[in-house]
Amino acid sequence: MTACFQKVASVFAAGTLLAGVALAASGDAGVTAVTGVTVIPMDAERTLLNQTVVIADGRIVAMGETGTVQVPTGVSRINGTGRYLIPGLADMHAHVYGYDLAEQETQDLSEVQAQLLVYAATGVTLLRDAAGTPGHLLYRERVAAGDWIGPDLFVASPIFEGERNVWDFTVKVTDPAAVEPLIADYAKSGYWGLKIYHTISPGVFDAIMVSAQTHELPVMGHVPFDMGIDATLESGITSIEHLRGYDFDGVPIASLWADGGRSRERFSSWNRMTPERRDELVAKTVAAGVWNVPTLAVNRMLFDPAARAAVIKHPRFARLLPAMQEGMKSMEGLDAIFSLDSREALREAYPVMLEFIKALSDVGAGLMTGTDSGVPGYVPGFTVIDEIQSFGEAGLTPFQALQASTIAPARYLGIADDRGTVAVGKRADLVLLDNNPLEDLSALWEISGVFLTGRWHSLADLEAALDEQSAIAEE
């Protein structure tokens, strides 16, 4: 494995540390009523005051002004007075640990459970894993069955790479003829979609897009160096990750390949982009219906020590596994592959990235929150809130920033009739907050508890589980 993902392995290498910790989804799966709560439904920028929300069989079965909704006797009640109920948050670019689980049935999966629990404890109820393995399909089954506490998983395929592959855990494909059998197998196995990297050749890229259409699998990922942003936007790709392609527009291909695209020349391209070219790319993005997962917080963490320190100082940080804490405090893996000069170029380009995000938002382009969490330095769940706040920094309103983590992912995934808003009939993946995030996005840190498919997990219960993990790890 390369340095970055060797570090991932070390962060979660405490495989036996959690043995005996009960991380099953043991919350009340019966009928629950949240009374007197302010609902932020996210179908429009509005609040519904003094609501009673009744949840049964994993769904919202009734909602209305308190006193007008009949609440069955004997149900569990949660006092929502002074609190705010929102849809669960989504991380649309996550990496749940599990890259080397070849024989998942014989592995100790407690470190995976721990990572999913941290997501849940920060209000994340949906994940799109951007580098799937057979192990991830198992994790999805265990969460869906209620055996584990964690977000619902949408698992992309193993990453397609080319001749000059970056990671050794990916699938290296150089022959276009090899694509169709691979994708047919991924479709049969139950992967949600396909993940591509910037190293694939144009021939392999074209073959992936043809096969993806045949098997009705969406394609997400990086813009290939040899394709460029214009051709990729026209290809049928559904989402672009990390603003790839936009961020090397105009850079000679030879320069990108020379150092893997991690140079000052590449990141400085943002500052060389003219307003006319920006508007052209934004218009092409909207016309193609392509979504973007910018992972702004990733860039911020690379060049801003204060941002790293702020996460470490957060009171909830102390409840993470010691190995997770060390992984956040030390970003040696990433710092080793991004030079000081390239990180300074990222710092200089960051305001332009924010302007680009605002330009996409202003014309209605699809934006979603994603984090790259699992990579050292990016704490599961924590970075989702960082990302939402980064969207606010870009000039989006709190409502718009929250859309990118609630209804927008549901629309992208084609499940908006089931998720992403608070309404009768919708799946009860919900977060109860102590303050109003429409007034201040930092309210997202002030969680009272989370519903996962209708099961209530108070923050106290989730933190107790995290404390138990840490105690066992220190023995």
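Our structure's up above, just so we're on the same page.
For every chain, the first residue of its written sequence is number 1, and the numbers climb from 1 along that sequence. For this predicted model, a pLDDT threshold of at least 70 governs which residues receive local features, and a threshold of 80 or more governs which side-chain atom pairs are given and counted, while totals over whole chains, interfaces and linings are taken from all residues. Just so you know, side-chain values use all the structure's heavy atoms and leave hydrogens and water out.

1. As for the overall build of the protein
- Counting its regular elements, the protein contains 19 helices and 16 strands.
- Residue exposure (1.4 Å probe, protein chains only): buried if accessible area is under 20% of the type maximum, exposed if over 50%, otherwise partly exposed. Across the 475 residues of the protein, 61% fall into the buried class.
- The protein chains shown are the only cover counted for residues, whose accessible areas, like all others here, come from Shrake-Rupley with a 1.4 Å probe. Working note: accessible area of the protein is about 17200 Å², and carbon and sulfur atoms make up 50% of it. Secondary structure elements follow DSSP: runs of H or I no shorter than four residues count as helices, runs of E no shorter than two count as strands, and numbering proceeds from the N terminus.

2. So, the pattern of salt bridges
- Salt bridges are counted wherever a side-chain nitrogen of Lys or Arg sits within 4 Å of a carboxyl oxygen of Asp or Glu. What the rule picks out here adds up to 23 salt bridges.
- Of the charged contacts, one joins Arg 46 and Asp 43 as a salt bridge, the two residues approaching to 2.7 Å between their closest N and O atoms.
- The class of Asp 43 is partly exposed, set by a relative accessible area of 45%.
- A salt bridge links Asp 429 to Arg 427; its shortest N-O distance comes to 2.7 Å.
- Via salt bridges that share partners, Arg 59, Asp 152, Asp 418, Arg 419, Arg 427 and Asp 429 belong to a single interconnected network.

3. Describing the pairing of strand E10 (residues 193-196)
- Bridging between strand E8 (residues 152-161) and E10 involves 3 bridges; their strand directions are parallel. The residue bridging Ile 159 from the neighbouring strand is Lys 195, located in E10.
- With 3 bridges joining them, E10 and strand E11 (residues 219-221) adopt parallel strand pairing. By the bridge assignment, Leu 194 is partnered in E11 with Val 219.
- In the classification by handedness, the crossover that spans E10, the intervening helix H5 (residues 202-215) and the parallel E11 is right-handed. Strand pairing is assigned whenever DSSP detects at least two bridges linking the two strands. Throughout, right-handed denotes a crossover for which the path from the first strand over the helix to the second runs clockwise when the strands point away from the viewer.

4. What about the side chain of Ser 269?
- Mapping Ser 269 onto the fold places it in helix H9 (residues 269-272).
- When its relative accessible area of 2% is taken as the criterion, Ser 269 is described as buried.
- Looking at Ser 269, its side chain comes within polar contact range of the main-chain oxygen of Asp 247, at 2.6 Å.
- Side-chain atoms alone can form a polar contact between residues adjacent in sequence; in general such a contact is a pair of N or O atoms within 3.5 Å, and within protein one must be able to donate a hydrogen while the other accepts it. Reaching out from Ser 269, the side chain makes a polar contact with the backbone oxygen of Arg 266 at a distance of 2.6 Å.
- In this structure Ser 269 touches Asp 247, Phe 248, Asp 249 and Val 251, once residues within four positions along its chain are discounted. It only takes one pair of heavy atoms within 4.5 Å for two residues to be counted as in contact.

5. Some remarks on unusual backbone geometry
- Residues other than glycine seldom take positive phi values, yet Glu 216 does so here, at roughly 55 degrees.
- Inspection of the secondary structure assignment puts Glu 216 in the loop between H5 and E11.
- Look at Glu 216 and you get exposed, because its relative accessible area is 71%.
- Here the phi dihedral of Thr 453 falls at roughly 50 degrees; this positive angle occurs in a residue that is not glycine.
- Along the chain, Thr 453 falls in the loop between strand E15 (447-452) and strand E16 (455-458).

Don't take any of this as a statement about function, it's just geometry.
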